[in-house]
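# Topology and contacts: notes
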Amino acid sequence: MGISRIGHVNLRVMDMAAALKHYEKVLGMKKTMEDKHGNVYLKCWDEWDKYSLMLSPSDQAGMNHVAYKVENDANLDDLQKKIEAYGITTTSLPEGTLPSTGRMLQFNLPSGHEMRLYAMKEYVGTEVGSTNPDPWPDNITGAGAHWLDHCLLMCELNPETGINKVAENTKFVMEVLDFFLTEQVLVGPDGDMQAATWLARTTTPHDIAFVGGPRMGLHHIAYFLDSWHDILKSADVMAKTKTRIDVTPTRHGITRGETIYFFDPSGNRNETFAGLGYLAQRDRPVTTWTEEHMGSGIFYHTGEMVPSFTEVYT
Ligand code: M3P
Ligand code: FE
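Residues numbered from 1 in each chain as written. Chains lettered and ligands numbered in written order. Predicted model: local features only at pLDDT ≥ 70, side-chain atom pairs only at ≥ 80, totals over all residues. Heavy atoms only, no water.

An unreviewed UniProt entry lists the protein chain under the name Metapyrocatechase, with Polaromonas hydrogenivorans given as the organism. Per its UniProt entry, the protein chain bears the Subunit (unreviewed entry) comment "Homotetramer." Annotation of the protein chain in UniProt includes, under Catalytic activity (unreviewed entry), the sentence "catechol + O2 = (2Z,4E)-2-hydroxy-6-oxohexa-2,4-dienoate + H(+)". (UniProt positions renumbered as here; feature names shortened; annotations may be inferred.)

This is how it looks when you write it as structure tokens:
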């Protein structure tokens, strides 16, 4: 009971036509609707609800909100009570606030990021259907991303002032939203400061992650692919489409994910991510990365921190 998975992300984009082309041609998503405010909604071929990405026209890049789907409508009332009791204000948004979406519970994480919870979204089915389905559809384009997998939020961390929104968010999502911790980076003189955390509700290594930085923002949204070869092919697609690649195909020590990072035309970072890493379980020991080995946690092969990777975000 409670949160079942990531549902959608609402990104701000500066050039809607360019953004749409990127998410369609590079990721392989399909546009499913547009509303009267000019917001565009898309889904991946293997997703069954109406959309997992909402693009909003803006003069600045970044994330407006991330939404998680809960199992049933009553969970929204239960979670509202728990979130309010923790000291965080919530707002109830009525059904239809977003098209094809039921009522939503809106609040801010301690870091300031807006999160929404909802129980209902219009079901449209996957591209292969659910009766005697083929393993993949004929009309795959670009990387052919299966689904939106996770997001990584940058949270304010300042050892001078003692502000650590990574730790605050982690405590909140564990105590109130019932996420479990899978991995963490611990830094500082006593090696006890949570500088980054990865948390799950499903059996994959993370459904959300928090990394410390000078200001809050969006580090990336990630899409699931089947295999290492699909990651290579998605990099080929990026080269063919002149997409700005941030980090060429490699492996994370953290989560064991096979990965490639790139940017949408507005500068929002995307990741395509393959490999289930390991079976995440509540009783699996938490993996800890120490400050000296943080580089290998992020990029396992080189073990080197790439400053732009953690300094550039929207
Ligand atoms: C991932 C992942 C950072 C590490 C990122 C790791 C930003 O994106 O999917 O495991 O330090
Ligand atoms: Fe990621």
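## Some points on the overall build of the protein chain
Secondary structure assignment for the protein chain yields 6 helices and 18 strands. When its C-alpha atoms are laid out on the principal axes, the protein chain stretches across 55 × 45 × 40 Å. Per-residue burial over the protein chain gives 56% buried out of 314 residues. Residue pairs at least 24 apart in sequence account for 66% of intrachain contacts in the protein chain once pairs closer than 6 positions are excluded. Accessible surface, the protein chain: about 13,700 Å² in total, of which carbon and sulfur atoms supply 53%. (Helix = DSSP H or I, 4+ residues; strand = E, 2+ residues; numbered from the N terminus. Buried < 20%, exposed > 50% of the residue type's maximum accessible area, 1.4 Å probe, protein only. Contact = heavy atoms within 4.5 Å. Areas by Shrake-Rupley, 256 points an atom, 1.4 Å probe, with all protein chains shown as cover.)

## Quick look at the UniProt feature "domain: VOC" (unreviewed entry) in the protein chain
In the numbering used here, UniProt assigns the "domain: VOC" (unreviewed entry) feature to residues 5–120. The span residues 5–120 is 22% helix and 40% strand, and its two end C-alpha atoms sit 13 Å from each other.

## Some words on the packing of helix α2 (residues 73–86) against helix α3 (residues 165–175)
The interhelical angle for the contact between α2 and α3, taken along N-to-C directions, is 140°, at an axis separation of 11 Å. By the angle between their axes, α2 is oblique relative to α3. For α2 against α3, the interelement crossing comes out right-handed. In this structure, α2 contributes Lys82, Ile83 and Tyr86 to the contact, and α3 contributes Lys171, Phe172 and Glu175. (Axes fitted to C-alpha atoms, helices over the stretch in contact; angles between N-to-C directions. Parallel < 35°, antiparallel > 145°, perpendicular 65-115°, else oblique. Left-handed = near helix turned anticlockwise from the far one by under 90°.)

## Re the site of ligand 1
In the region of ligand 1, 14 residues are neighbours, and His150, His206, His220, Thr255 and Tyr261 sit closest. His220 has a polar side-chain atom sitting 3.0 Å from an oxygen atom of ligand 1. For ligand 1, an oxygen atom lies 3.2 Å from a polar atom in the side chain of Thr255. Starting from 330 Å² of accessible surface for ligand 1 in isolation, the protein chains cover 99%. Within the shell around ligand 1, the residues separate by chemical class into 7 nonpolar, 6 polar and 1 charged. (Near = heavy atom within 4 Å. Polar contact = N/O pair within 3.5 Å; in protein donor to acceptor, adjacent residues only side chain to side chain. Nonpolar A, V, L, I, M, F, W, Y, C, P; charged D, E, K, R; others polar.)

## What about the nonpolar core?
Generally speaking, soluble globular proteins have nonpolar side chains that are buried together. Among the nonpolar cores identified, the biggest contains 57 residues, and Leu117 and Leu177 are the most heavily contacted of them. Apart from residues lying up to four places away in sequence, Leu117 is in contact with Ile3, Tyr68, Val70, Leu76, Leu79, Ile83, Arg103, Met104, Leu105, Phe107 and Leu177. Listed in part, the 20 residues of the second largest apolar core include Leu152, Val187, Ala209 and Tyr261. (Core = buried A, V, L, I, M, F, W, Y, C linked by side-chain atoms within 4.5 Å.)

## Notes on unusual backbone geometry
Even without glycine at this site, Lys242 takes up a positive phi of about 55°. Here Lys242 is to be found in the loop between α4 (228–240) and β15 (245–251). Located in the positive-phi region is Arg256, a residue other than glycine, with phi close to 65°. Position of Arg256 relative to the elements: it lies in the loop between β15 and β16 (258–263).

## Some thoughts on the packing of aromatic side chains
Under the definition given, this model contains 7 aromatic pairs. Taken together through their ring pairs, the aromatic side chains of Tyr86, Phe107 and Phe172 make up a single cluster. One Lys or Arg, Arg215, reaches over the ring of Tyr313 and ends 4.2 Å from the middle of that ring. Arg244 extends its terminal NZ or CZ atom over the ring of Phe263, reaching a point 4.3 Å from the ring centre. (Phe/Tyr/Trp six-rings, centres within 6.5 Å; stacked < 30°, edge-to-face > 60°. Lys NZ or Arg CZ within 6 Å of the ring centre and 35° of its normal.)

## Digging into the coordination of the iron ion (ligand 2)
Taken together, His150 (NE2), His220 (NE2) and Glu271 (OE) make up the full set of protein donors to the iron ion (ligand 2), lying 2.0 to 2.2 Å away. Considered as a linear motif, the donors of the iron ion (ligand 2) on their single chain read H-x69-H-x50-E. Of this pair, His150 sits in strand β9 (residues 147–158) while His220 sits in strand β14 (residues 217–225), placing them 70 residues apart in sequence. You'll find His150 and His220 in the same group, each marked buried. (Donors = N, O, S within 2.8 Å, 3.2 Å for Na, K, Ca; no water.)

## Some details on α3
Helical periodicity: at 3.6 residues per turn, an α-helix aligns residues three or four positions apart in one direction. Every buried residue belonging to α3 is among Lys165, Val166, Asn169, Thr170, Phe172 and Val173, and all of these are buried. All buried residues of α3 lie within an arc of 165° about the axis, which places them on one face of the element. In this structure Asn164 caps α3, since a side-chain oxygen of it lies 3.0 Å from the backbone nitrogen of Val166. (Arc of directions from axis to C-beta.)

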